[in-house]
Each structure stands twice: as C-alpha cells, then as structure tokens.
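Structural overview
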Amino acid sequence: MKNLLISIRSTALLWVLTAFLYPAVILVFGQVAFPYQANGSLMTNAQGELIGSRLIGQSFTSDEYFWGRPSTVNYSTGDEAAPTGISGASNLAPDNSNLHSRLQAEVQRLKGLGIDPTADLLYSSGSGLDPHISPAAAQAQINRVAQARSLSPDQLETLIAEHTDHRFLELLGEPGVNVLTLNVALDSL
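The rules behind these values
- Residues numbered from 1 in each chain as written.
- Predicted model: local features only at pLDDT ≥ 70, side-chain atom pairs only at ≥ 80, totals over all residues.
- Heavy atoms only, no water.
- UniProt positions renumbered as here; feature names shortened; annotations may be inferred.
- Helix = DSSP H or I, 4+ residues; strand = E, 2+ residues; numbered from the N terminus.
- Polar contact = N/O pair within 3.5 Å; in protein donor to acceptor, adjacent residues only side chain to side chain.
- Contact = heavy atoms within 4.5 Å.
- Phe/Tyr/Trp six-rings, centres within 6.5 Å; stacked < 30°, edge-to-face > 60°.
- Buried < 20%, exposed > 50% of the residue type's maximum accessible area, 1.4 Å probe, protein only.

1. Quick word on the UniProt feature "transmembrane region" (unreviewed entry) in the protein chain
Under the local residue numbering, the UniProt record ascribes the feature "transmembrane region" (unreviewed entry) to residues 12–34. Overall, residues 12–34 shows 96% helix and 0% strand. The separation of its end C-alpha atoms is 31 Å.

Structure below.
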C-alpha cells in the first residue's frame, strides 16, 4: 500500500510539473523574451491589416509576385485567408504516377513561362507550409516578375540578396528566401 501511495503522489507531482508548470513557464518566457516569435511572427501591412506569418508559406499566383513552393494543403485563399493553416503532405511515393504527372505538368508550365524549374518550385515541403524558397528559385523568377512590374532585373537581384536568410552560424541549414517578406518588400518599391 505504501508503494502505491508513493507512485500515485509521484505521478500527480510529475503531471502537475509537466502539464501545468513547465508549459506556463515556457509561455511566460516566450511572451517576455520573444513576443513577436511566440505570437506567430505575424506581419501587417501599412494599414495595420494582417497579411500573413513569416513562418507559414503563402500562395502567390500573380506574375507580379515571386511564387513559393507548391503546397498540397490549401492554407491561404480568398476571404478565408489566414496566417495559419493545416499542415500535411501529399504522402505520394516517389514512384506514384499521380506525382509524376503533376511534376511533368508543372515542369512544362514553368518552362512555358520562361522559368528554369528548380526542385523547390516543383516539390512541396514535408509540412506543405514552408515559407522559403532557395535563392536559385527566386533568381529563376526574376525575368517574369521584372517584366510584370516594369522593373530592372538588377533591382530584383538586390532585393533577393537583401531578403536571403543565410545559414545559422554559417554552418547549419541552407540559405533561403522568405517569399512573403520578399513580396512585401517588392510592393514597397
């Protein structure tokens, strides 16, 4: 009976620590030390309207904007646009005929628009919500965006360089361009 009471008390104590105290401490720490990140890294326009999150990819289809990675989830469309979305991948195997058909159609579409298809313009990310593309994918779209906005490609190359996130500590990860912040900067030109 004594061991049973000890195990019940230990379980209750650990439950209170891990289910209530630890999350509360992390919540308070996040709100105090990193409020912008803890609240979703939300971006607003000049009028104060919410336009999206730096952490979640947005769907841009106009030729006047850089396009992000394709997504198998519908995370920001129409009047229901929100800075958050449902995470999920297509779960199509590499030898799936539907995946091959979609990729072939996308390669033809991009080539028809004068864009050299890069992997991140063809394949969705694992979560379907990745907000970054590679600098090469952004560079591949320069002529299309420059022509649609009547800008020089040099202006866009400078903008891409300014909005490229580099490797963490120059060691971890790959450089990437956040499509939402790039397109917001593009609108402010």
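2. A short note on the side chain of Asp-120
Looking at where Asp-120 falls in the secondary structure, it is placed in helix 4 (residues 119–122). Polar side-chain contacts of Asp-120 include one of 2.4 Å to the backbone nitrogen of Ser-134. Not counting residues up to four positions away in its chain, the partners in contact with Asp-120 are Arg-69, Pro-70, Ile-133, Ser-134 and Ala-137.

3. Side note on the packing of aromatic side chains
In the structure shown here, the tally under the stated rule is three aromatic pairs. With centroids separated by 6.0 Å and ring planes inclined at 75°, the aromatic side chains of Phe-29 and Phe-34 adopt a geometry described as edge-to-face. A relative accessible area of 45% places Phe-34 in the partly exposed class. Ring geometry for Phe-60 and Tyr-65: centres 5.4 Å apart, planes at 35°, overall tilted. When sorted by exposure, Phe-60 lands in the same class as Tyr-65, which is buried.

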